[in-house]
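Fold and geometry: a report
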Amino acid sequence: MPKVLALETSCDESAAAVVEQSDGRLQVHSHCIASQIKEHAQWGGVVPEIASRRHVEALPHLIDQALNDAELPFSDLDGVAATVTPGLVGALMVGSVTGRTLAALHNRPFIAVHHLEAHLASVRLAVSPPSPPYLVLLVSGGHTELIHVDSAGMLERLGRSHDDAAGEAFDKVARLLGLDYPGGPAIQAAAVDGDTTRFVLPKGRVSKPGGGFFPYDFSFSGLKTAMLRQVEACRAWEEPLPLADLAASFQQVVADVLVDRSLRCCSDLKLSTLVMVGGVAANQRLRQCMHARGAKQGVDVHLAPLAYCTDNAAMVGAAALGRLTSQPVFSSLSLGVSARWALENCAPLYQSNPPF
Ligand code: KG4
Ligand code: ZN
């Protein structure tokens, strides 16, 4: 059954994994991650130059470890996959060049993977993955999108953020509260005993030019500003800052917005399955709310397994195997990397004359 070595280096996690597909089910033989988060934390966010250097250092060891853990020789692999877009160009280049070199050396196909397609594929690593059609809420550090996947697997983006992604809002608000990077896990931890209702915060709707609102779109900039004002007001009369209540109120409003708009979209489109993937999908409060409200509305909620929400290579392997097994497609060894590329336009990644 097809097996691939998959690499992920689009941002601040270097990762390698060996994944196999047999009888339509995915099996992760190994999945290794070297996180650079601690190093970037001292700068309050990802420093691209540092990220590229750390990927160069970590990747060879991760690949060795992934192959050892999987107890498979390279000759048993059917392909090498790497994320090629979107992301930090220098960081992507490390995974892409490594993947292409290994593919050429071992005479195996190279499968270029779109990072968001990999996040979408992460739900296929669950014990009982859903079958399309479904709606996907993709919430990460760079994206907040509602994507319709039809029964043929075709993708259509129905909603998006007009400013920050949800993860970016977590990271910026955490900094405002004096918490560590990445902000999502830090806010989640700070919020544990907090009062979710103490501060009333805006839900950020996006106006349509002719009046009304885009029902499935998001905006987090007003919420960020409201948090800034709240923190300033608190500092004036309360010492120390009511951190738990601020974190809990913020986390709750983000969860409410994401749940409201996703379920509204399911209801409008008469979709009975909702999938949630991406780094922010690791948020426990959001996971609980999505499950509880989905159940009330009769929507079957499928969450990416916790280990595969934040960036990892197993999801890259899952996406690559989807490509390899549906209509065997390979990427050109002269394909480069790109900081941006539309998810709906992945076909050119598998053409003999590549687009970048
Ligand atoms: O998917 P990911 O690893 O990278 C991107 O593709 O962007 O997502 C990283 C984002 C960061 O903004 C981080 O703060 C957020 O996911 N995140 C969380 C949690 N864990 C990670 N946000 C909320 N709650 C969490 N537990
Ligand atoms: Zn990601």
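Below is a short write-up of the structure.

All right, on to the sheet that holds strand 1 (residues 3-8) then. Strand order in the open sheet made by the 5 strands is 3-2-1-4-5, with mixed pairing throughout. The open sheet has two edge strands, strand 3 (25-35) and strand 5 (110-114), and neither has a second partner. On average, each strand axis in the sheet is tilted by 20 degrees relative to the strand beside it, whichever way the strands run. Alignment of strand 2 (residues 13-22) against strand 3, held across 10 bridges, turns out to be antiparallel. Bridge pairing links Glu 20 to Gln 27 in strand 3. Along the sheet face, helix 2 (residues 48-70) touches strand 1, strand 2 and strand 3 and points at about 30 degrees away from the line of strand 2. Relative to strand 4 (residues 79-85), helix 3 (residues 89-105) is tilted by about 155 degrees, and along the sheet it contacts strand 1, strand 4 and strand 5.

So, on to the packing of helix 7 (residues 221-237) against helix 8 (residues 243-269). Closest axis-to-axis distance for the helix 7/helix 8 pair is 12 Å, and the angle between their directions is 165 degrees. What the angle tells us is that helix 7 and helix 8 run roughly antiparallel. In this structure, helix 7 crosses over helix 8, and the sense of that crossing is right-handed. Contact residues: helix 7 offers Leu 223, Met 227, Gln 230, Val 231 and Cys 234, while helix 8 offers Leu 246, Phe 250, Val 253 and Val 254. Partitioned by chemical class, the residues of the contact of helix 7 with helix 8 number 8 nonpolar, 1 polar and no charged.

Glancing now at the state of the cysteines. A complete count under the given rule lists 0 disulfides for this structure. With no disulfide partner, Cys 289 has as its closest neighbouring cysteine sulfur the one in Cys 309, 15 Å distant. Residue class for Cys 289 comes out buried when judged on its relative accessible area of 13%. No disulfide involves Cys 346; its sulfur sits 19 Å from that of Cys 11, the nearest cysteine.

Around the zinc ion (ligand 2), the protein contributes the donor atoms His 115 (NE2), His 119 (NE2) and Asp 311 (OD), which lie 2.0 Å from the metal centre. Taken together, the 4 donor atoms surrounding the zinc ion (ligand 2) define angles of 97 to 127 degrees at the centre, an arrangement classified as tetrahedral. Linear spacing of the donor residues for the zinc ion (ligand 2) on their chain is H-x3-H-x191-D. Here His 119 and His 115 lie together in helix 4 (residues 115-121), a separation of 4 residues that amounts to about one turn. On the accessibility criterion, His 115 (8% relative accessible area) is buried. With relative accessibility at 1%, the residue His 119 sits in the buried group.

Surrounding ligand 1, one finds 20 residues, the nearest of these being Gly 141, Asp 171, Gly 184, Asn 283 and Asp 311. At 2.8 Å from an oxygen atom of ligand 1 is found a main-chain nitrogen or oxygen belonging to Gly 141. Within the side chain of Asp 171, one N or O atom sits 2.7 Å away from an oxygen atom of ligand 1. Look at ligand 1: alone it shows 560 Å² of surface, and the protein chains cover 89% of it.

Tallied over the full model, the rule gives 14 salt bridges. Notably, a salt bridge pairs Arg 54 with Glu 39, separated by 2.7 Å at the nearest N-O pair. Here Glu 39 lies in helix 1 (residues 37-41) and Arg 54 lies in helix 2, a separation of 15 residues in the sequence. Look at Arg 54 and you get partly exposed, because its relative accessible area is 25%. Here Lys 172 makes a salt bridge to Asp 164, at a shortest N to O gap of 3.2 Å. On the accessibility criterion, Lys 172 (36% relative accessible area) is partly exposed. The exposure class of Asp 164 is buried, given its relative accessible area of 7%. Among the charged side chains, a network of salt bridges with common partners joins Asp 164, Glu 168, Lys 172 and Lys 224.

Our focus in this paragraph is the environment of Val 280. Within the fold, Val 280 resides in the loop between strand 9 (273-277) and helix 9 (284-297). Judged by relative accessible area, which is 9%, Val 280 ranks as buried. Along the chain, Val 280 and Arg 157 lie 123 residues apart, while their C-alpha atoms are 19 Å from each other. The residues contacting Val 280, other than those within four sequence positions of it, are Val 139, Ser 140, Ala 166, Gly 167, Phe 170 and Leu 286.

Thresholds applied
Residues numbered from 1 in each chain as written. Chains lettered and ligands numbered in written order. Predicted model: local features only at pLDDT ≥ 70, side-chain atom pairs only at ≥ 80, totals over all residues. Heavy atoms only, no water. Pairing = 2+ DSSP bridges. Helix = DSSP H or I, 4+ residues; strand = E, 2+ residues; numbered from the N terminus. Axes fitted to C-alpha atoms, helices over the stretch in contact; angles between N-to-C directions. Contact = heavy atoms within 4.5 Å. Parallel < 35°, antiparallel > 145°, perpendicular 65-115°, else oblique. Left-handed = near helix turned anticlockwise from the far one by under 90°. Nonpolar A, V, L, I, M, F, W, Y, C, P; charged D, E, K, R; others polar. Disulfide = S-S within 2.5 Å. Buried < 20%, exposed > 50% of the residue type's maximum accessible area, 1.4 Å probe, protein only. Donors = N, O, S within 2.8 Å, 3.2 Å for Na, K, Ca; no water. Tetrahedral: all angles 85-135°; square planar, octahedral: opposite > 155°, others 65-115°. Near = heavy atom within 4 Å. Polar contact = N/O pair within 3.5 Å; in protein donor to acceptor, adjacent residues only side chain to side chain. Areas by Shrake-Rupley, 256 points an atom, 1.4 Å probe, with all protein chains shown as cover. Salt bridge = Lys/Arg side-chain N within 4 Å of Asp/Glu carboxyl O.

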